Amino acid sequence: MKTKTYRTLLFDIDNTLLDFNAAEEQALQLLFANHDIPLTEESKKRYSLINQGLWTAFEENKISREQVVNTRFSTLCKEYGIEKDGQLLEAEYRTYLNNGHQLIDGAVEVIKNLSSHYELYVVTNGVSATQYKRLQDSGLYPYFKEIFVSEDTGFQKPMKEYFDYVFSRIKELSVHETLIVGDSLSADIQGGQLAGIDTCWFNPQKKKNDTNWNSTYEIGRLQELYNLLNVNNKVASGQV
């Protein structure tokens, strides 16, 4: 496949560049242990379903981000007959999560190399303080020209208004020369299509796409971006 020429690359963070699942697992273990709440495979699965449902409602603009983060833990606890203040649990969880910056394989190398060839930007839903800290602690932050977090924009992926906000702040942006890379079909791929840009689905687990949102490209490893973009990684790394 001959790839188009791009100038601007937009990257999602969670489960694209940073291993959010690993950071979340660590934060949940610390939180539940501190409150003597059993963290079993069943309770983790229930939390995941509750959390995913709330974030989906947020992406569909049905509820606010505050409703997502301040009710997910209290909702879970109620299912197990435990009364807890969801807002306090969220604040503690956020402290633990802010320190989780486990990297997806190859993330720093690939981003560093691509930054020599393209203008790189972060496009992410989530909490601003958390995303900035994790990007800085991971070593990824210096390679991006700007970070766009949904909390700061007033909109979220996949809303077209979110991408309008981003595009208005990137000088001389051409939508025909812009590519978004992300793991979420609902947020990244749908959002990219609604915004009129090409999309690259990061799908390391080879999940089946049961949606109507088909990506322009699909990769299983970040290193595949070198071939997709026709970038020589040895040259990019200075290994010539």
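Residues numbered from 1 in each chain as written. Predicted model: local features only at pLDDT ≥ 70, side-chain atom pairs only at ≥ 80, totals over all residues. Heavy atoms only, no water.

Which residues make up the sheet that holds strand 2 (residues 119-124), and what values do they have?
Read from one edge of the open sheet, 6 strands run 3-2-1-4-5-6, paired in parallel fashion. Since the sheet does not close on itself, it has two edges, and those belong to strand 3 (146-149) and strand 6 (217-219), each with one partner. Put simply, the sheet's adjacent strands are angled 20° from each other on average, direction ignored. Inspection of the sheet shows strand 5 (residues 198-202) paired to strand 6 by 3 bridges, in the parallel sense. Considered in strand 6, the bridge of W201 is made with E218. This element, helix 6 (residues 128-138), spans strand 2 and strand 3 of the sheet and lies at about 145° to strand 3. (Pairing = 2+ DSSP bridges. Helix = DSSP H or I, 4+ residues; strand = E, 2+ residues; numbered from the N terminus. Axes fitted to C-alpha atoms, helices over the stretch in contact; angles between N-to-C directions. Contact = heavy atoms within 4.5 Å.)

Talk me through the pattern of salt bridges; I want residue IDs and the actual numbers.
Tallying each qualifying case throughout the model produces 15 salt bridges. The salt bridge involving K62 is made with E60; its shortest N-O contact spans 3.0 Å. E60 sits in the partly exposed class, given a relative accessible area of 45%. Linked through salt bridges whose partners overlap, the residues forming this network are D12, K157 and D188. (Salt bridge = Lys/Arg side-chain N within 4 Å of Asp/Glu carboxyl O. Buried < 20%, exposed > 50% of the residue type's maximum accessible area, 1.4 Å probe, protein only.)

Residues and numbers for the nonpolar core, please.
Core analysis: the biggest nonpolar cluster contains 31 residues, and L9, F11, L114, F144, L179, L225 and L229 have the highest contact counts within it. For this core, the secondary structure elements donating two or more residues are strand 1 (8-11), helix 5 (107-114), strand 2, strand 3, strand 4 (178-182), strand 5, strand 6 and helix 10 (224-228). Here this core takes 4 residues from helix 5, the largest share from any one element. Setting aside anything within four residues of it in sequence, one finds L229 in contact with Y6, L9, L114, Y118 and L179. Counting 20 residues, the second-largest nonpolar core is a separate cluster that includes F20, L31, C77 and L97. (Core = buried A, V, L, I, M, F, W, Y, C linked by side-chain atoms within 4.5 Å.)

Tell me about empty space enclosed by the protein, residues and numbers included.
Counted under the stated rule, the structure contains 1 cavity of 30 Å³ or more. Considering only enclosed or pocket space, the largest cavity measures out at about 40 Å³ in volume. Surrounding the largest cavity, L31, F32, I37, F73, L76, C77 and L89 form its lining. Within the residue set of the lining of the largest cavity, elements represented by two or more residues are helix 1 (20-34) and helix 3 (65-79). At 3 residues, helix 3 tops the list of elements feeding residues into the lining of the largest cavity. Here the residues of the lining of the largest cavity are counted per class, giving 7 nonpolar, no polar and no charged. (1 Å grid on protein atoms, 1.4 Å probe; cavity = no way out; pocket = protein on both sides within 12 Å on 5 of 7 lines; lining within 4 Å. Points joined across faces, edges and corners; volume = space filled by probe spheres on them. Nonpolar A, V, L, I, M, F, W, Y, C, P; charged D, E, K, R; others polar.)

Go over the side chain of R134 with me, naming the residues and quoting the values.
On the secondary structure map, R134 appears in helix 6. A distance of 2.7 Å separates a polar side-chain atom of R134 from the backbone oxygen of G100. A polar side-chain atom of R134 sits 2.9 Å from a polar atom in the side chain of Q131. When residues no more than four places from it in sequence are discounted, the contact partners of R134 are I13, D14, L18, F20, A23, L97, N98, G100 and H101. (Polar contact = N/O pair within 3.5 Å; in protein donor to acceptor, adjacent residues only side chain to side chain.)

In short, geometric facts, not functional conclusions.
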